[in-house]
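Listed here are the chains, written in short residue letters.
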Amino acid sequence: VQITETGGGLVEAGSSLKLSCTASGSPYSSGDSMGWFRQAPGKDREFVAAITWRSSESPDYADSVKGRFTISRDNAKNTVYLQKNSLKPEDTAGYYCAAGARWSSNSKTDHYNYWGQGTQVTVSS
């Protein structure tokens with residue numbers, strides 16, 4: 001499974017940005033979650049949001065992004081999106097897409113088997 005993220009960039013505070021994550025192969029082969037994480041300089045990688053291919057489960061979000069970020073998916077395209085609204089300077093980070101975790105562990109970095117190279121998002125004040 002190869003994962004590719006796109007959509008990062010430099011934006012002003014309060015603006016919006018949409019990230020895309022496309023997985024080749026079978027991203028759900030070892031787990032039913034795809035997730036977004038972020039890592040700022042000098043900090044640990046942290047959970048942002050996760051989604052499963054099953055429509056019966058609602059997406060999961062970190063408290064810091066609830067109400068501002070929305071994760072969605074297109075199963076036919078093996079693509080997951082992260083719509084980011086009302087961006088803040090503290091959202092500045094490298095954003096990483098991951099696949100392969102079980103839904104019960106969707107926020108745990110070390111439970112994901114596949115990772116993309118990341119895309120940088122910088123929010124200016």
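Given the structure is predicted, the values throughout are model-derived calculations rather than measurements. (Residues numbered from 1 in each chain as written. Predicted model: local features only at pLDDT ≥ 70, side-chain atom pairs only at ≥ 80, totals over all residues. Heavy atoms only, no water.)

Draft legend 1. Inspection of the overall build of the protein chain at higher detail. Of the regular secondary structure elements, the protein chain holds zero helices and 11 strands. For the protein chain, the succession of helices and strands along the chain, N to C, is β-β-β-β-β-β-β-β-β-β-β. With 125 residues in all, the protein chain has 43% of them scored as buried. In the protein chain, the proportion of contacts linking residues at least 24 apart, taken out of those at least 6 apart, comes to 58%. If you sum the accessible surface of the protein chain, you get close to 6300 Å²; carbon and sulfur atoms cover 43% of it. Here the protein chain holds 13 positive side-chain charges and 12 negative ones, and the gap between their average locations is 3 Å. (Helix = DSSP H or I, 4+ residues; strand = E, 2+ residues; numbered from the N terminus. Buried < 20%, exposed > 50% of the residue type's maximum accessible area, 1.4 Å probe, protein only. Contact = heavy atoms within 4.5 Å. Areas by Shrake-Rupley, 256 points an atom, 1.4 Å probe, with all protein chains shown as cover. Lys, Arg positive; Asp, Glu negative; His and termini not counted. Charge placed at Lys NZ, Arg CZ, Asp CG, Glu CD.)

Draft legend 2. Seen up close, the pattern of salt bridges. Inspection of every chain in the model, using the stated rule, returns six salt bridges. Between D32 and R54 there is a salt bridge; the shortest N-O distance is 2.4 Å. Linking D32 in the loop between β3 (17-23) and β4 (33-39) with R54 in the loop between β5 (46-52) and β6 (60-61), this pair joins segments that are 22 residues apart in sequence. D32 gets classed as buried once you look at its relative accessible area, which sits at 16%. Salt bridges linked by common partners bring R38, E46, R68 and D91 together as one network. (Salt bridge = Lys/Arg side-chain N within 4 Å of Asp/Glu carboxyl O.)

Draft legend 3. Focus on the nonpolar core. Core analysis: the biggest nonpolar cluster contains 32 residues, and W36, V48, I71, L82 and Y95 have the highest contact counts within it. Of all the secondary-structure elements, those providing two or more residues to this core are β3, β4, β5, β7 (69-74), β8 (79-84), β9 (93-101) and β11 (119-124). (Core = buried A, V, L, I, M, F, W, Y, C linked by side-chain atoms within 4.5 Å.)

Draft legend 4. Representation of the state of the cysteines in the model. If you walk through the whole model with that rule in mind, you get one disulfide. Two residues, C21 and C97, share a disulfide whose sulfurs are 1.9 Å apart. Taking the sign of the S-S torsion, about -75° here, the bridge from C21 to C97 comes out left-handed. Of the two residues, C21 is situated in strand β3 and C97 in strand β9; the sequence distance between them amounts to 76 residues. Of the residues examined, C97 reaches a relative accessible area of 0% and is grouped as buried. (Disulfide = S-S within 2.5 Å.)

Draft legend 5. Region of the structure containing the sheet that holds β3. One open sheet accounts for four strands, arranged β1-β3-β8-β7; its pairing is antiparallel. Whereas interior strands pair on both sides, the edge strands pair on one side only; in this sheet they are β1 (3-6) and β7. Sheet twist, expressed as the average angle between the axes of neighbouring strands with direction ignored, equals 15°. Pairing analysis gives six bridges linking β3 to β8, with the strands arranged antiparallel. Each residue of the ladder has a partner; that of L19, found in β8, is L82. (Pairing = 2+ DSSP bridges. Axes fitted to C-alpha atoms, helices over the stretch in contact; angles between N-to-C directions.)

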